[in-house]
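# Notes for the structure review
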Amino acid sequence: MSSIQKILVANRGEIALRIMRTVREMGIQSVAVYSDADRNAPHVQYADEAVYLGPSPSNKSYLLGDKIIELSKALKMDAIHPGYGFLSENASFAQKVTDAGLIFIGPSASAIEIMGSKLAAKKAVAQYNIPMVPGTEEAVSDIAEAKRTAKEIGYPILIKASAGGGGKGMRIVEQESEFEEQMQRAVSEAKSAFGDGAVFIEKYITSPRHIEIQILGDQHGTIVHLFERECSVQRRHQKVIEEAPSAVVSPQMREAMGKAAVDVAKACNYYGAGTVEFIVDEKLNFYFLEMNTRLQVEHPVTEMITGKDLVREQVYIAEGKKLSFSQNDLSIRGHAIEVRVYAEDPKNNFLPDIGKLSFYKKPHGPGIRVDDGFAEGMDIPIFYDPMIAKLITYDENRIGAISKMIRAIEGYKITGIETTLSFAKFVMSHEAFRSGNFDTKFIERYFTPENLNDTFDEKEAEILATIAVHLFASGKNKSKSSNIDQQTNNSSNWNKRRWNG
């Protein structure tokens, strides 16, 4: 069992800063890396040491895996934490870190490789009888054969890239006459984005919800799940609002999804933190989608309802320690919502905006947490994802968390650039969201730029939401999974402090 004393965080922005805060609490030194664009960023200033990587473009800085490993060895690092994005799901990088005698704070390279291919993941989990969306088990390349398969499955179908995600290499085909053109586009986009043109076909679930399960596994074979996150509010197939728990998941469904997620992890001998994603149809049938072999952007909502610091657990697992808790020790306490604050203009099709944060004031208060990586006066660089921050609220129930989020959004003051805060307030105020009756087509169905000027009667919406909660609960909220226990004393100092932003 290894004792980690010094960690290089191979990332930037809010996730780098968030990792470093937990690491410091653990008495471990952190080292930041930075590009030209991030020379004066908060994560660089917070770290115990910082080292320059290169020019601003990520392929000349944060994606230089070999250079990061060389620097880690020169600085006598014990471990590398990849955060999310960049090199976090790069199996080759994970293996090189291990081969260099360093600890990779994440799963094994083999698990990353298996779950990095949607087709390989399907094969790996087949033995566990996990619900799967009807579709092909192999990559398709022959147009004529693929057309026949699509017809057998039944339109509409989805052509998906085997590698990658984020909506790239994905095409919905409504009818046979569109198939050939859409397949060529999917293959071309997959090659361009991932260097792999392999695509497969699935039945398209027309109005799905996107629900995922957080798992943790140690290197001794113990795997637990930390319940679900609802991630159905998306733009361009990418999440913008997440919450835990889901408004529609019953205790029975939660248990079934949790077991399926643990089985997926078992299929690749998984250890570390990971997320198993499912799509859920209108009848609440769930189907395995993919596994993300890293810490998710939305991990804070899980931390808030469980009291577990996932980064701390990642470090313990990387050191070879056994999980200090079992599945029976975990329960859901209250409700948490996360809003991703992007430098995007919701009035202009969510196009990225760049500029200077001329004024930047975060909201504060009990049950409010802000994970960010910027400070007033900084420029939003064009080289990276346009997320400025994650705004999280926590309350004893969903209605309270929503109301607190609205107040937090109103207290979050950003000028100099356009942000998605106004859109987030629109979502929090909308009857469909407040009632829990929504899916991944929320934006398509309900949002237009003009909506941002709509008035909002919070009292009326709260009454509607209360009625909806009772309808969804159907008398099942007496289970321990949905009860709010009083284990506040078990929360870490990290959790208590982070609530205040």
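Residues numbered from 1 in each chain as written. Predicted model: local features only at pLDDT ≥ 70, side-chain atom pairs only at ≥ 80, totals over all residues. Heavy atoms only, no water.

## Points about the overall build of the chain
Along its length, the chain carries 17 helices and 22 strands. Taken over 501 residues, the chain has a buried fraction of 58%. Sequence separation of 24 or more characterises 67% of the internal contacts of the chain that already satisfy a separation of 6 or more. Accessible surface, the chain: about 20,600 Å² in total, of which carbon and sulfur atoms supply 47%. (Helix = DSSP H or I, 4+ residues; strand = E, 2+ residues; numbered from the N terminus. Buried < 20%, exposed > 50% of the residue type's maximum accessible area, 1.4 Å probe, protein only. Contact = heavy atoms within 4.5 Å. Areas by Shrake-Rupley, 256 points an atom, 1.4 Å probe, with all protein chains shown as cover.)

## Some remarks on the pattern of salt bridges
The tally for this structure, following the rule as stated, stands at 37 salt bridges. Note that R209 is salt-bridged to E230, the shortest N-O span being 2.9 Å. Pair noted here: R209 is in strand β9 (residues 209-217) and E230 is in strand β10 (residues 223-235), with a separation of 21 residues, a long-range link. Across this residue pair, the class does not change: R209 and E230 are buried. (Salt bridge = Lys/Arg side-chain N within 4 Å of Asp/Glu carboxyl O.)

## A short note on the sheet that holds β9
Strands sit in the order β13-β12-β9-β10-β11-β14-β21-β19 across an open sheet of 8 strands; the sheet is antiparallel. Strands at the two margins of the open sheet, each flanked by one partner only, are β13 (286-292) and β19 (368-372). On average, adjacent strands in this sheet sit at an angle of 25 degrees to one another, irrespective of strand direction. Direction of pairing for strand β14 (residues 335-342) relative to strand β21 (residues 387-395): antiparallel, over a ladder of 8 bridges. Opposite Y342, over in β21, you have M387 as the bridge partner. Packing of helix α11 (residues 310-318) onto the sheet brings it into contact with β9, β10 and β12 (272-280), and relative to β9 it is tilted by some 40 degrees. (Pairing = 2+ DSSP bridges. Axes fitted to C-alpha atoms, helices over the stretch in contact; angles between N-to-C directions.)

## A closer look at helix α8 (residues 179-194)
A rise of 1.5 Å per residue sets the reference length of α8, with its 16 residues, at 22 Å; its end C-alpha atoms lie 22 Å apart and thus fit the reference within 8%. Regarding α8, the residues found buried are F179, Q182, M183, A186 and A190. Taken end-on, α8 shows its buried residues confined to a sector of 100 degrees, consistent with a single buried face. Residues of α8 that are exposed and angled more than 90 degrees away from the buried face: K191 and S192. Those residues of α8 that are buried lie in contact with α7 (143-153), β6 (157-161), β7 (170-173) and β8 (199-203). One or two positions beyond α8, positive phi appears at G195, with a value near 70 degrees. (Expected span 1.5 Å × (residues − 1). Arc of directions from axis to C-beta.)

## Some details on the sheet that holds strand β1 (residues 6-9)
Pairing within the open sheet is parallel, and its 5 strands lie in the order β3-β2-β1-β4-β5. The open sheet terminates on both sides in strands that have one partner only, identified here as β3 (49-54) and β5 (103-104). Sheet topology places β1 next to strand β2 (residues 29-35); 4 bridges connect them, and they run parallel. In the sheet register, K6 faces β2, and the bridge partner there is Q29. Relative to β2, helix α1 (residues 13-25) is tilted by about 165 degrees, and along the sheet it contacts β1, β2 and β4 (79-81).

## So, the packing of helix α5 (residues 109-116) against helix α6 (residues 118-125)
For the pair α5 and α6, interaxial distance at closest approach is 5 Å and the crossing angle is 105 degrees. Between α5 and α6, the interaxial angle falls into the category roughly perpendicular. Between α5, through I114, M115 and G116, and α6, the contact on the second element is made entirely by K118, A120, A121, A124 and V125. Grouping the constituent residues of the contact of α5 with α6 by class yields 6 nonpolar, 1 polar and 1 charged. (Parallel < 35°, antiparallel > 145°, perpendicular 65-115°, else oblique. Nonpolar A, V, L, I, M, F, W, Y, C, P; charged D, E, K, R; others polar.)

## Observations regarding the pairing of strand β11 (residues 238-244)
Taking burial as the measure, the 7 residues of β11 include 6 buried ones, the bulk of the element. Of the pairings in the sheet, the one linking β10 to β11 comprises 4 bridges and is antiparallel in character. Bridge pairing in β11 links E230 to E243. Between β10 and the antiparallel strand that follows it, β11, lie 2 residues; R236 among them carries a positive phi value of about 55 degrees. Relative to β14, β11 is paired through 4 bridges, and the arrangement is antiparallel. Along β14, the bridge assignment pairs E243 with I337.

## Points about unusual backbone geometry
Following Y155, the chain continues into P156 via a peptide bond in cis, with omega recorded as 0 degrees. Among the secondary structure elements, P156 is positioned in the loop between α7 and β6. Across the junction of A244 and P245, the peptide omega takes the value -5 degrees, indicating a cis bond. Along the chain, the position of P245 falls in the loop between β11 and α9 (251-267). The backbone of F86 shows a phi angle near 45 degrees, a positive value even though the residue is not glycine. As for its placement among the helices and strands, F86 is situated in the loop between β4 and α4 (91-99). A residue is classified by how much of its surface remains accessible, and F86, at 28% relative accessible area, is partly exposed. Although it is not a glycine, N129 sits at a positive phi angle of roughly 55 degrees.

## Description of the packing of aromatic side chains
The tally for this structure, following the rule as stated, stands at 16 aromatic pairs. Note on Y62 and F86: the rings are 5.1 Å apart at their centroids and 20 degrees apart in plane angle, and the pair reads as stacked. You can see Y62 sitting in the loop between β3 and α3 (65-74) and its partner F86 sitting in the loop between β4 and α4, a full 24 residues away along the chain. Members of the aromatic cluster, connected to one another through ring pairs, are F350, F423, F426, F433, F438, F442, Y446 and F447. The ring of Y342 carries the charged tip of R235 above its face, separated from the ring centre by 4.5 Å. The lysine or arginine in question, R398, covers the ring of F433, its NZ or CZ lying 4.8 Å from the ring centre. (Phe/Tyr/Trp six-rings, centres within 6.5 Å; stacked < 30°, edge-to-face > 60°. Lys NZ or Arg CZ within 6 Å of the ring centre and 35° of its normal.)

## Structural notes on a nonpolar patch on the surface
Side chains of I354, I382 and F383 sit close together on the surface and give an oily, nonpolar patch of about 300 Å² of accessible area. With respect to the helices, strands and loops of the structure, I382 is situated in the loop between β20 (379-380) and β21. (Patch = residues over 30% accessible without salt bridge, like charges linked within 9 Å, V, L, I, M, F, W, Y side chains within 5 Å.)

In short, shape yes, function no, at least from these values alone.
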